[in-house]
Amino acid sequence: MSPQHNDLQRLLNAPILPTLLRLAAPNVLAMVMTVLVGIAETYYVGRLGTAPLAAMALVFPFAMLTQMMSAGAMGGGVSAAISRALGASDTPRAQTLLLHALVIGMGAGVIYSAIFLSFGPHLYKLLGGKGAVLEEAVRYSGILFTGALLVWLINTLASVLRGTGNMRAPSVALVATAFLQIILGGVLSLGAGPVPAMGMVGVALGHIMATAVGVVYFFWYLISGQGRLTLQLKNFELQKSMFADILKVGAIACLSPVQSVLAILIFTGMLAQLGTEALAGYGIGQRLEFLLIPIAFGIGVASVPMVGMAMGSGNVVRARRVAWVAGGVSAFNLAVIGAVVTLAPDLWARLFTQDEAVLTYARQYLVTAGPAFPFFGLGLTLYFASQGAGQVIGPVLAGTVRLALVAIAGYWLSQHQGTAEHFYGLVALTMVLYGLITAAAVKITPWSLSRKN
């Protein structure tokens, strides 16, 4: 019996918690590196001044949207489709899904670049960016979003490998990519030796260069036949059914990160009216909120192949158990982080600024929103597990409720002289509701017992 077959049997039959933690460990390591990249880049930009820091707050939601859509949403659809095929012992189908996933990733990357290179400056202006802040945002994003295709490719290729149950190879590659990004971002933005300081543009260039190296590695890995699936173009034909298998989950799932980013943008636009210090302080707190996503991602993405393969083999009971165990582990992890920043907000806030006015706003956010972090982790991880089952409508609707509450309550606050602390309270409330509604949706949604993909 081959090692790959043994790995598949472990995913289908081994005890859930140990198996989930084993799969999640390399993902969490990769996501910790993602967190370190976020900290490092914010540190670099913070050294450039308050205006660049505020500019990053305007651009950062769209940059994270690229990651969230390509890795968590469409990437989840890719992993889920491949894992269900393997769970049903249909390797040829999984092989064909790999190629269709690449077509989707390349097309989405090109479209994403075109949208944000064309309309990005208008969006930053609508969000309240002006003067030096707007100029910095436009300059930074003009370079950053040129590399959107590379971001979509690296996350699509990583998702293919995760769908086979291989968490180690994509995690090692992403850790190396993140490490390279930290080095290049620092050298190019702040300067070192003969390398001139490029400011925010240098941070963007470091991101693009490191991601390109990662893409090359993944292509080599799949072409050389290192994994369960191999990238081969021979006799390849586009098939609607293959696109449908990925997009029926991935396309709907893409609504969730869009909703999350829209919620953040509403807050960003409203807080921009309170001044540059308020926007910069929120940017520091907001960055932690976005970095919670990769941490929950590490657990959630490990649950996708476990749920998907269980569904493909017809074991719905196991699939549901995996989902709830993953949700509980994620909630615990984020509860720890929430407790730390609630009790000691300066541990995070002082990494990026010593400006007392900015620190005041950052502390308010962390102390108010921190206790709600575990609910956010629960909801997000159940969203990933639902991808494995091909049932994402419930979690997406939970995101819709969150967005609606943000828009309605946020507008009311803005019309009644709401303070930053009021807005942060709204952030916490919507996190709690998102987690509870997502859990309820997973509980009541039937996961069909079927071996069909």
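Not measured: the values here are computed from a predicted model.

Q: Kindly report on the overall build of the protein chain, identifying the contributing residues and their values.
A: When helices and strands are tallied, the protein chain shows 17 helices and zero strands. Against the 2.2 N^0.38 benchmark of 22 Å for 453 residues, the protein chain shows a C-alpha radius of gyration of 21 Å, consistent with a compact globule. C-alpha extents for the protein chain along the principal axes are approximately 65 × 50 × 35 Å. Residues classed as buried in the protein chain amount to 58% of the 453 residues present. Total accessible area computed for the protein chain in this model is approximately 17,300 Å², and 68% of it derives from carbon and sulfur atoms. Side chains of the protein chain carry 24 positive and 13 negative charges; the gap between the two charge centres is 15 Å.

Q: Give a detailed account of the side chain of asparagine 166, specifying residues and quantitative values.
A: Position of asparagine 166 among the secondary structure elements: in the loop between helix 6 (148-163) and helix 7 (168-190). Polar side-chain contacts of asparagine 166 include one of 3.2 Å to the backbone nitrogen of arginine 168.

Q: Run through the packing of helix 4 (residues 91-126) against helix 5 (residues 131-144), naming residues and quoting values.
A: Packing of helix 4 against helix 5 leaves a shortest axis separation of 10 Å and a crossing angle of 155 degrees. In terms of their interaxial angle, helix 4 and helix 5 are classed as roughly antiparallel. Helix-helix and strand crossings are classified by hand; for helix 4 and helix 5 the assignment is right-handed. Along the contact surface, helix 4 presents Leu117, Pro121, Tyr124 and Lys125, while helix 5 presents Leu134, Ala137, Val138, Ser141 and Gly142.

Q: Describe the environment of leucine 222, naming the residues involved and giving the relevant values.
A: Here leucine 222 is to be found in helix 8 (residues 200-223). Separated by 48 residues in the primary sequence, leucine 222 and methionine 270 have C-alpha atoms spaced 46 Å apart. Setting aside anything within four residues of it in sequence, one finds leucine 222 in contact with Leu98, Leu157, Leu161, Leu229, Thr230 and Leu231.

Q: Go over the nonpolar core with me, naming the residues and quoting the values.
A: Within soluble globular proteins, side chains that are nonpolar tend to cluster in buried spots. Grouped together as the largest cluster of nonpolar side chains are 154 residues, with contacts concentrated most on Tyr112, Tyr365, Phe373 and Trp447. When residues in this core are grouped by element, the largest group, 23 residues, is from helix 3 (residues 50-87). Non-local contacts of tyrosine 365, meaning those with residues more than four positions away in its chain, are made with Tyr282, Gly285, Gln286, Glu289, Gly370, Phe373, Tyr424, Val427 and Met431.

Q: Tell me what's going on with the pattern of salt bridges, and back it up with residues and numbers.
A: Between side chains of opposite charge, pairing is possible as soon as their charged atoms come close. The tally for this structure, following the rule as stated, stands at eight salt bridges. One salt bridge connects aspartate 245 with arginine 84, and the closest N-O pair in it is separated by 3.2 Å. Here the residue aspartate 245 occupies a position in helix 9 (residues 240-253), and arginine 84 occupies one in helix 3, the gap between them amounting to 161 residues. Among the residues examined, aspartate 245 registers a relative accessible area of 2% and is labelled buried. A salt bridge links arginine 363 to aspartate 346; its shortest N-O distance comes to 2.6 Å. Of this pair, arginine 363 sits in helix 14 (residues 356-369) while aspartate 346 sits in helix 13 (residues 346-349); the two residues are 17 residues apart in sequence, bridging distant segments of the chain. Classification of arginine 363 by relative accessible area gives partly exposed; the value is 22%.

Q: Go over the packing of aromatic side chains with me, naming the residues and quoting the values.
A: Under the criterion given, the structure shown has 13 aromatic pairs. Seen from their ring centres, tyrosine 217 and tyrosine 221 are 6.1 Å apart, and the 45 degrees between their planes marks the pair as tilted. Within this pair, tyrosine 217 and its partner tyrosine 221 are both found in helix 8, separated by four residues, close to a single helical turn. One aromatic cluster is present, formed by Phe62, Tyr112, Phe116, Tyr124 and Phe145 through successive ring pairs. Looking at arginine 320, its charged tip hangs above the ring of tryptophan 447, at a distance of 4.7 Å from the centre. Geometry around tyrosine 434 places arginine 402 over its ring, the cationic atom sitting 6.0 Å from the centre.

Q: Lay out the packing of helix 15 (residues 373-389) against helix 17 (residues 420-444) in plain terms, naming residues and giving numbers.
A: Close contact between helix 15 and helix 17 brings their axes to 7 Å; oriented N to C, the two are set at 35 degrees. Considering the relative orientation of helix 15 and helix 17, their crossing is left-handed. For the pair helix 15 and helix 17, contact is made by Phe373, Phe375, Phe376, Leu378, Gly379, Leu380, Leu382, Tyr383 and Ser386 and by Met431, Val432, Tyr434, Gly435, Leu436, Thr438, Ala439 and Val442, respectively. Across the contact of helix 15 with helix 17, the residue classes tally to 13 nonpolar, four polar and no charged.

Q: Lay out the side chain of threonine 438 in plain terms, naming residues and giving numbers.
A: The residue threonine 438 is located in helix 17 in this model. For threonine 438, the side chain forms a polar contact with the main-chain oxygen of tyrosine 434, separated by 2.7 Å. When sequence neighbours within four positions are dropped, the list of residues in contact with threonine 438 reads Gly379, Leu382, Tyr383, Pro395 and Ala398.

Q: So, unusual backbone geometry: which residues are in play, and what are the values?
A: A positive phi angle is found at serine 89, which is not glycine, with a value near 60 degrees. Within the element layout of this structure, serine 89 appears in the loop between helix 3 and helix 4. With a relative accessible area of 63%, serine 89 lands in the exposed category.

Definitions and cut-offs
Residues numbered from 1 in each chain as written. Predicted model: local features only at pLDDT ≥ 70, side-chain atom pairs only at ≥ 80, totals over all residues. Heavy atoms only, no water. Helix = DSSP H or I, 4+ residues; strand = E, 2+ residues; numbered from the N terminus. Rg over C-alpha atoms; globule rule 2.2 N^0.38 Å. Buried < 20%, exposed > 50% of the residue type's maximum accessible area, 1.4 Å probe, protein only. Areas by Shrake-Rupley, 256 points an atom, 1.4 Å probe, with all protein chains shown as cover. Lys, Arg positive; Asp, Glu negative; His and termini not counted. Charge placed at Lys NZ, Arg CZ, Asp CG, Glu CD. Polar contact = N/O pair within 3.5 Å; in protein donor to acceptor, adjacent residues only side chain to side chain. Axes fitted to C-alpha atoms, helices over the stretch in contact; angles between N-to-C directions. Parallel < 35°, antiparallel > 145°, perpendicular 65-115°, else oblique. Left-handed = near helix turned anticlockwise from the far one by under 90°. Contact = heavy atoms within 4.5 Å. Core = buried A, V, L, I, M, F, W, Y, C linked by side-chain atoms within 4.5 Å. Salt bridge = Lys/Arg side-chain N within 4 Å of Asp/Glu carboxyl O. Phe/Tyr/Trp six-rings, centres within 6.5 Å; stacked < 30°, edge-to-face > 60°. Lys NZ or Arg CZ within 6 Å of the ring centre and 35° of its normal. Nonpolar A, V, L, I, M, F, W, Y, C, P; charged D, E, K, R; others polar.

The values reported here are purely geometric and, on their own, carry no functional implication.
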